[in-house]
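Coordinate analysis (summary)
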Amino acid sequence: MSIHTDTGQGPLSRPDAVPVPAPVRDARPPRRRRINKHRNAWEGRPSALGQGAKALVLTVVVLAVLFPLYTVVLTSISTTADVNRSGGMVTVPGTITFAAYEQILSGGIVTRAAMVSIGITAVGTLLSTSVSILAAYGLSRPSSVAHRPILFVFLITMFFGAGMIPTYLLVSNLNLIDTYWALILPGAVSAFNVLILRSFFMGIDPAITEAARIDGAGDWRILLRIVMPMSKAVTAVVALFYGVGYFNAFFNAMLYINDNAKWPLQLVLRSYVLQGVTLPGSGTGQVDVVAGAVTGLPVKMAIMVLALVPILLVYPFVQRHFTKGVIFGAVKG
């Protein structure tokens, strides 16, 4: 008869120890993932053919967008002989010259018009964005006075307008003819942009503003310290809408501005490129900016390039907010 001695090792060292059985491996083969044959096309992994087709379509779209810009820039830095040789827009680089830019900038007409457009765009965008934010914030508060009738008036202006003649009479009676305010005030507020901002403001959690109001914050502080920091994306998009609208506008200038020295760049561009007239001077006479080595089409394309540059410089800084601001502001309401 053998007597087992506890050596302090193994399961017998503790009276309450329970032997742990060894894990049993599942001998069954792994189950294959069932493939749903009826799932949508966008839920599956794209094939190599699909990826190649997408890349081809995107390449064609990019070329279709960049090729006109390429021809405009190339024609603006080409000589008159290259333009005549190509029969119009230049697609193959030849002799490169910046004489067209020197001519239109040395005359001072386009430079002054560009400064007018930039000034109107800056002041108009700041004024329109500020007024739209104030109007949208007031219309988004359920406790604001008569916000529903005022909202209804905003909606009416989207479908019905006073017309050209009543608007001109109003501007004339306000003594705004031949002033820069005539290019800003008639279209200072867009009902569409106000509705976008209002929809975004209504999507903000009311508990945040109520908590700030309990802490003693008024409407101005709530708007400036809470609402505006949360609305950078949609504000940037609305400001972009206003800025592009002011910079590209020429019809109001054609109606209300009689002094050629106050013409914005787009009206100068329209008068020369579309109508083919000589660029007007500063009021003391006419300056022929096309007199020189480069004439005709290169000068027109150079003016178009100068008109595109400000928007191309600003848009990349706002583009990342564009989709987020518009879609989020529209869907949240």
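Scroll up a little and you will see the structure.
Given the structure is predicted, the values throughout are model-derived calculations rather than measurements.

What follows is about the packing of aromatic side chains. For the structure on display, the rule yields four aromatic pairs. Judged by centre distance (6.2 Å) and plane angle (35 degrees), the ring pair of F67 and Y70 falls under tilted. Placement of the pair is F67 and Y70 together in helix α1 (residues 48-76), with a separation of three residues, close to one helical turn. For F67, a relative accessible area of 47% gives the class partly exposed. Classification of Y70 by relative accessible area gives partly exposed; the value is 36%. Ring centres of F98 and Y101 lie 6.3 Å apart, and the angle between their planes is 45 degrees; on these two criteria the pair is classed as tilted. The ring of Y180 is capped by K262, whose NZ or CZ atom sits 5.9 Å from the centre of that ring.

Attention now goes to the environment of D178. One can find D178 in the loop between α6 (164-173) and α7 (191-202). Counting along the chain gives 81 residues from D178 to D259, while the straight-line C-alpha distance between them is 6.5 Å. When near neighbours in sequence (up to four residues on either side) are disregarded, D178 contacts Y256, I257, N258, D259 and K262.

The rules we used
Residues numbered from 1 in each chain as written. Predicted model: local features only at pLDDT ≥ 70, side-chain atom pairs only at ≥ 80, totals over all residues. Heavy atoms only, no water. Phe/Tyr/Trp six-rings, centres within 6.5 Å; stacked < 30°, edge-to-face > 60°. Helix = DSSP H or I, 4+ residues; strand = E, 2+ residues; numbered from the N terminus. Buried < 20%, exposed > 50% of the residue type's maximum accessible area, 1.4 Å probe, protein only. Lys NZ or Arg CZ within 6 Å of the ring centre and 35° of its normal. Contact = heavy atoms within 4.5 Å.

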